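Here is what each chain is made of, one letter per residue.
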Amino acid sequence: MKNLRLFSFAIVLVTFNFSMAQDDYLQFDGTNDYIALPISYNGVNAVPQVSVEAWVRTSFTGSGYNSNWAIVDFDRSDFYDLFVRGDDGRVGFSTYSATGAINDFYGNLSVNDGEWHHIAAVYDGVDKHIYVDGVLDNSIANPHGGNSLGKSTTRFGIIGDGSEASSYNANKNNIFYQGDISEVRIWNRALDASELDLNKLPGTLNGNETGLFAYYTFDDGLANDLGPNGFDGGLFGPVFSDAGGVPTPPTSGSSLWSANGNDIFYTDGNVSIGTGNVANGYKLAVDGKIITEEVLVQLSGSWPDYVFKEGYDLPALREIEKHIKEKGHLPNIPSATEVEANGVQLGEMDKLLLEKIEELTLYTIQQQKELQSQKKTNIILSKKMERLEARIQKLQNER
């Protein structure tokens, strides 16, 4: 493996633009189309945490905030509701807690523009968050005093209308959603920003992710649950379409990047971040700073254990002193001018520094031996001096 070259690094947000494959979806006509879900909640504090995702496309315009209900609804006044406002197109996330009543909460961005958008709502047990296209749009702190969601009633879910259902496919608000929906996901845990950014593209889940409660792609024109619980929904009116749908990462095509689950691969060239140039012989160049927990550098050359082998030519300290006076740096170590011009190769520099540490260890061992020898000599001389002083004293006493 080649040595890694050290640059001045900075954290840079990299956006990958994929070619536009299509994902299937359902069309809701705003008149009587909806999906009944065989999923229900029941009781106070029944929902400690929840995350809801969907891809939506709508250009509806109306007079009321609830005139285009709803994307995923388990009753705004009983559990929760994810919707797009009919009047201004902002994402809405309404929740109910027995101790905090209803909290109607909205994003800042309008998604009522006829384009596909990934929207997500999260209640993490304390705070609420709305994401649009994988980016945090708005948050509200502790609207329910840290309590779970839910009222002492039973509510079944509805996609495409507001739910008043106490049983499967029962009462609705009859205010039907007008637009397209794809990739609906319901989680019984709070997803964080990094997960939502990775998961937002269709086809990235395998169906057994931790906390996944229900998962609908509509790719087969049905509302089959691809999650672990088999909550297949019933379609009442939505029309299946596989034309002009949600953009997905390609398995082939013009993009240099390919995706496999949450992993992204690039094998055909070099990568630069914050700069347009990658030095010859290197794969990655970053102009700025990076932060990481660990870097592994594998060297093909020898590690400096050779310093400890018999016959190693350990430089005399007077030679090193002479080199420092003449050159201004240690032998075999690049100068400040060289580092400024060429950077530092981490693996090679670690090797050189270890070489110097091992040489210092040998110098220390030599000095220790010399000190021990000097100590023994001092002891011998001291004893001789004691005997000489005793003899002199004896001669003086005999006079």
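Above this text sits the structure in question.
Residues numbered from 1 in each chain as written. Predicted model: local features only at pLDDT ≥ 70, side-chain atom pairs only at ≥ 80, totals over all residues. Heavy atoms only, no water.

(A) Geometry of the overall build of the chain. Along the backbone of the chain there are four helices and 21 strands. Residue burial in the chain is summarised as follows: out of 399 residues, 39% are buried. Counting contacts in the chain only where the partners sit at least 6 residues apart, residues at least 24 apart contribute 66% of the total. For the chain, the accessible area works out to roughly 21800 Å², and carbon and sulfur atoms hold 50% of it. (Helix = DSSP H or I, 4+ residues; strand = E, 2+ residues; numbered from the N terminus. Buried < 20%, exposed > 50% of the residue type's maximum accessible area, 1.4 Å probe, protein only. Contact = heavy atoms within 4.5 Å. Areas by Shrake-Rupley, 256 points an atom, 1.4 Å probe, with all protein chains shown as cover.)

(B) Representation of the pairing of strand 6 (residues 80–84). By the criterion of burial, strand 6 is predominantly enclosed, with five of the five residues buried. Here strand 6 shows two buried faces, one formed by Tyr80, Leu82 and Val84 and the other by Asp81 and Phe83. Of the strand pairs in this sheet, strand 5 (residues 72–73) and strand 6 are connected by two bridges, and their pairing is antiparallel. Of the residues in strand 6, the one forming a bridge with Asp73 is Asp81. (Pairing = 2+ DSSP bridges.)

(C) Summary view of the side chain of Lys128. Note on placement: Lys128 falls in strand 10 (residues 128–132). Among buried charged residues, Lys128 stands out as having no salt bridge; its nearest opposite-charge side chain is Asp104, 6.8 Å away. Only 2.7 Å separates the side chain of Lys128 from the side chain of Asn103, close enough to count as a polar contact. If we ignore the near neighbours within four places in the chain, the residues touching Lys128 are Phe93, Ser94, Thr95, Asn103, Phe105, Val122, Tyr123, Asn138, Ser139, Ile140 and Pro143. (Lys, Arg positive; Asp, Glu negative; His and termini not counted. Salt bridge = Lys/Arg side-chain N within 4 Å of Asp/Glu carboxyl O. Polar contact = N/O pair within 3.5 Å; in protein donor to acceptor, adjacent residues only side chain to side chain.)

(D) Examining helix 4 (residues 346–398) more closely. Here helix 4 contains 53 residues, and its C-alpha end-to-end distance of 77 Å stays within 8% of the 78 Å for a straight helix at 1.5 Å per residue. By the burial criterion, the buried members of helix 4 are Gly347, Met349, Lys351, Leu352, Glu355, Lys356, Glu358, Glu359, Leu362 and Tyr363. Turning to helix 4, the residues buried within the fold contact helix 2 (317–327) and strand 21 (344–345). (Expected span 1.5 Å × (residues − 1).)

(E) Geometry of the nonpolar core. Counting 39 residues, the largest nonpolar core has Ile71, Tyr80 and Ile186 as its most contacted members. The contacts of Ile186, once residues within four sequence positions are left out, are Leu37, Tyr41, Ser51, Val52, Val72, Phe74, Tyr80, Gly211, Leu212, Phe213 and Ala214. The next biggest cluster of nonpolar side chains, apart from the first, holds nine residues, and it includes Val122, Tyr131, Leu196 and Leu205. (Core = buried A, V, L, I, M, F, W, Y, C linked by side-chain atoms within 4.5 Å.)

(F) Structural view of the environment of Phe231. Tracing the backbone through its elements, the reader meets Phe231 in the loop between strand 14 (212–216) and strand 15 (234–236). Remark: the alpha-carbon pair of Phe231 and Ala214, spanning 17 residues in sequence, is separated by 6.6 Å.

(G) Representation of the packing of aromatic side chains within the structure. Evaluated as defined, the whole model comprises 16 aromatic pairs. When the ring of Tyr41 is compared with that of Phe213, the centres are 6.4 Å apart and the planes differ by 25°; the resulting orientation is stacked. Taken together, the residues Tyr41 in strand 3 (residues 34–42) and Phe213 in strand 14 connect sequence positions 172 residues apart. The two residues Tyr41 and Phe213 agree in class, both being buried. Across from the ring centre of Tyr25, 5.2 Å away, lies the NZ or CZ of Arg57, which sits over that ring. Against the face of Phe93 rests Lys128, its NZ or CZ located 4.8 Å from the ring centre. (Phe/Tyr/Trp six-rings, centres within 6.5 Å; stacked < 30°, edge-to-face > 60°. Lys NZ or Arg CZ within 6 Å of the ring centre and 35° of its normal.)

(H) Looking closely at the pairing of strand 10. Burial analysis of strand 10 places five of its five residues in the buried class, which makes it a mostly covered element. Residues Lys128, Ile130 and Val132 line one face of strand 10 and the alternating positions His129 and Tyr131 line the opposite face, and both faces are buried. Examined bridge by bridge, strand 9 (residues 117–123) and strand 10 share five bridges and lie antiparallel to one another. Its bridge partner lying in strand 10, Ala120 is registered against Tyr131.

(I) Representation of the pattern of salt bridges in the model. Applying the stated criterion across every chain yields a total of 16 salt bridges. The shortest N-O distance in the salt bridge between Arg155 and Asp78 comes to 2.9 Å. Here the residue Arg155 occupies a position in strand 12 (residues 154–159), and Asp78 occupies one in the loop between strand 5 and strand 6, the gap between them amounting to 77 residues. Using a relative accessible area of 3% as the deciding quantity, one classes Asp78 as buried. Taking the shortest distance from any N to any O, the salt bridge between Arg85 and Asp87 comes out at 2.7 Å.

(J) How the structure looks around unusual backbone geometry. At the junction of Trp69 and Ala70, the peptide bond is cis and its omega measures out at -25° in the coordinates. Within the secondary structure layout, Ala70 lies in the loop between strand 4 (50–57) and strand 5. In the Ramachandran plot, Asn142 falls in the positive-phi region, its phi being about 50° despite a non-glycine side chain. Inspection of the secondary structure assignment puts Asn142 in the loop between strand 11 (135–140) and strand 12. What makes Asn142 partly exposed here is its relative accessible area of 37%.

Fair warning: the whole summary comes from geometry, so function is off the table for now.
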